[in-house]
Amino acid sequence: SMKRIIKFLQHKEIDFDKWDACVGSSEFPKPYGFSWYLNWLTDQWQAVVYGDYEAVLPLFIQSKYGIQFSSRPYGTQSVGPYSKIPLTPELLRDLVHEAMKHVQYSEFFMDPGVPLTKWKSMPYSNYTIDTSEEYEILQNRMSSQNKRNLKKAEKAHFELAEWANVKDAVQLWQNNIQKKTRISHEDCNRLGKLLEFCHYQKRGVLYAVRDEYNQLCGAQFWVVYQGRSTLMLNASTPWGKSHGVSTWLIDRHLRSVSGRPHQIDFEGSSILGLKRFYSGFGAKDEPFFMHVENRLPLFLRWLKTATTR
């Protein structure tokens, strides 16, 4: 049999249809690797491709001080490798080996379940719920804290707001959360544009709640695509928070997808309170991994990218 070739492709050489078919070939794929997703978050990305798009790995090459390096764009978590065929440790090594011909430093954020060989890698939490059981069963798994939050929300008589849009939700997030994070305005704008696109394409759902003064007090945006709902934006005012608005909105979404094969994905968080909150819905940790390849000369080893959040 002909040995399948591994190629490096510049952005304009990538066949996006074949690419997306590979990324979407797993069950309940994460949205981050699809070309339509990445194209909103970054102007350029490159690809390492095995055979006829049987396995692919995206690269995000930037240049700094004459050094080529790759990390992940804001708005993604794990980005590959994606594979239509069983991904072996050898194939993974070959993909990474090809990638490292084009950069001196790279952070690879590997999907859960990737066979990591004997590499040094760091796990990052990611919380998911399999929603195939009936809502009552899923609801029973909630922590007493989350059940209390729901009671608070019921007392507040929340209703889903008509006429909210993604911009409003992003604005709420910026007003209440952005100060605590180090996320740049550019990254935030790009993410907003991506979520607007998903909303317009019916690849996502927006939930919003107003308080008694008709101000937005809670909003969530879920990217919903190929059987997976990913919580991309979760924002509330201090008042909304104290009345359990986030719990109420997640519960609304849980009701809408329960009883069928579907994955709810809360994304990860290294923040302890959020870990407790998400696992309080009965979510399980399905970690993804960061693996660093560093070919920099020793005196440049301090050059790290600040993507890990």
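The structure displayed is predicted, hence computed values, not measured ones.

What counts, and at which threshold
- Residues numbered from 1 in each chain as written.
- Predicted model: local features only at pLDDT ≥ 70, side-chain atom pairs only at ≥ 80, totals over all residues.
- Heavy atoms only, no water.
- Pairing = 2+ DSSP bridges.
- Helix = DSSP H or I, 4+ residues; strand = E, 2+ residues; numbered from the N terminus.
- Contact = heavy atoms within 4.5 Å.
- Axes fitted to C-alpha atoms, helices over the stretch in contact; angles between N-to-C directions.
- Salt bridge = Lys/Arg side-chain N within 4 Å of Asp/Glu carboxyl O.
- Buried < 20%, exposed > 50% of the residue type's maximum accessible area, 1.4 Å probe, protein only.
- 1 Å grid on protein atoms, 1.4 Å probe; cavity = no way out; pocket = protein on both sides within 12 Å on 5 of 7 lines; lining within 4 Å.
- Points joined across faces, edges and corners; volume = space filled by probe spheres on them.
- Nonpolar A, V, L, I, M, F, W, Y, C, P; charged D, E, K, R; others polar.
- Parallel < 35°, antiparallel > 145°, perpendicular 65-115°, else oblique.
- Left-handed = near helix turned anticlockwise from the far one by under 90°.

The 4 strands are arranged β1-β2-β3-β6 in an open sheet whose pairing can be described as antiparallel. Edge positions in the open sheet fall to β1 (6-9) and β6 (82-83), since each of these has one partner strand only. Note: β1 against strand β2 (residues 46-50), 4 bridges, orientation antiparallel. What sits directly across from F8, in β2, is V48. The sheet contacts of helix α1 (residues 16-23) involve β2, β3 (55-59) and β6, and relative to β3 the element is tilted by about 105°.

Our focus in this paragraph is the pattern of salt bridges. Applying the stated criterion across every chain, the model contains 11 salt bridges. We note a salt bridge from E54 to R4, for which the minimum N-O separation is 2.9 Å. Of this pair, E54 sits in the loop between β2 and β3 while R4 sits in the segment before β1; the two residues are 50 residues apart in sequence, bridging distant segments of the chain. When its relative accessible area of 17% is taken as the criterion, E54 is described as buried. Overall, the relative accessible area of 40% leaves R4 in the partly exposed class. Here K18 makes a salt bridge to D52, at a shortest N to O gap of 2.9 Å. Of this pair, K18 sits in helix α1 while D52 sits in the loop between β2 and β3, and the two are 34 residues apart along the sequence.

Below, the discussion takes up the pairing of strand β11 (residues 216-225). With 8 of 10 residues buried, β11 is to be regarded as a mostly interior element. Sheet topology places strand β10 (residues 204-210) next to β11; 7 bridges connect them, and they run antiparallel. Note that in β11 the partner of R210 across the bridge is L216. Hairpin connection of β10 to β11: 5 residues between the antiparallel strands, including N214 at a positive phi of 70°. Inspection of the sheet shows β11 paired to strand β12 (residues 228-236) by 8 bridges, in the antiparallel sense. Paired with V223 across the two strands is T230, which belongs to β12. Here β11 hands over to β12 after 2 residues, with Q226 in that stretch at a positive phi of 50°.

The next point concerns the sheet that holds strand β15 (residues 288-294). Neighbouring strands of a sheet are bound in pairs by backbone hydrogen bonds; such pairs are parallel or else antiparallel. Overall, mixed pairing links the 5 strands, which are arranged β4-β5-β7-β15-β8 in an open sheet. The sheet is open, and its two edges are formed by β4 (61-64) and β8 (122-124), each paired on a single side. The sheet shows a mean angle of 25° between the axes of neighbouring strands, taken without regard to direction. Two strands pair when backbone bridges link them, and strand β7 (residues 105-110) and β15 are joined in this way by 6 bridges, in the antiparallel orientation. Across the sheet, S106 pairs through a bridge with E293, a residue of β15.

So, about the layout of surface pockets. In this approach a probe as big as a water molecule rolls over the atoms, and the regions it shows empty are the leftover space. Here the second largest pocket defines a volume of roughly 330 Å³. Lining the second largest pocket we find 18 residues, and of these S26, E27, Y82, D111 and P112 sit closest to its centre. Elements that contribute at least two residues to the lining of the second largest pocket include exactly α1 and β6. A per-class count over the lining of the second largest pocket returns 10 nonpolar, 3 polar and 5 charged.

In the contact formed by helix α6 (residues 166-176) and helix α7 (residues 185-200), the axes pass within 9 Å of each other and the chain directions differ by 150°. The orientation of α6 with respect to α7, classified from their angle, is roughly antiparallel. Here the hand of the crossing between α6 and α7 comes out right-handed. Facing V166, K167, V170, W173 and Q174 of α6, the residues of α7 in contact are H185, C188, G192, L195, E196 and H199.

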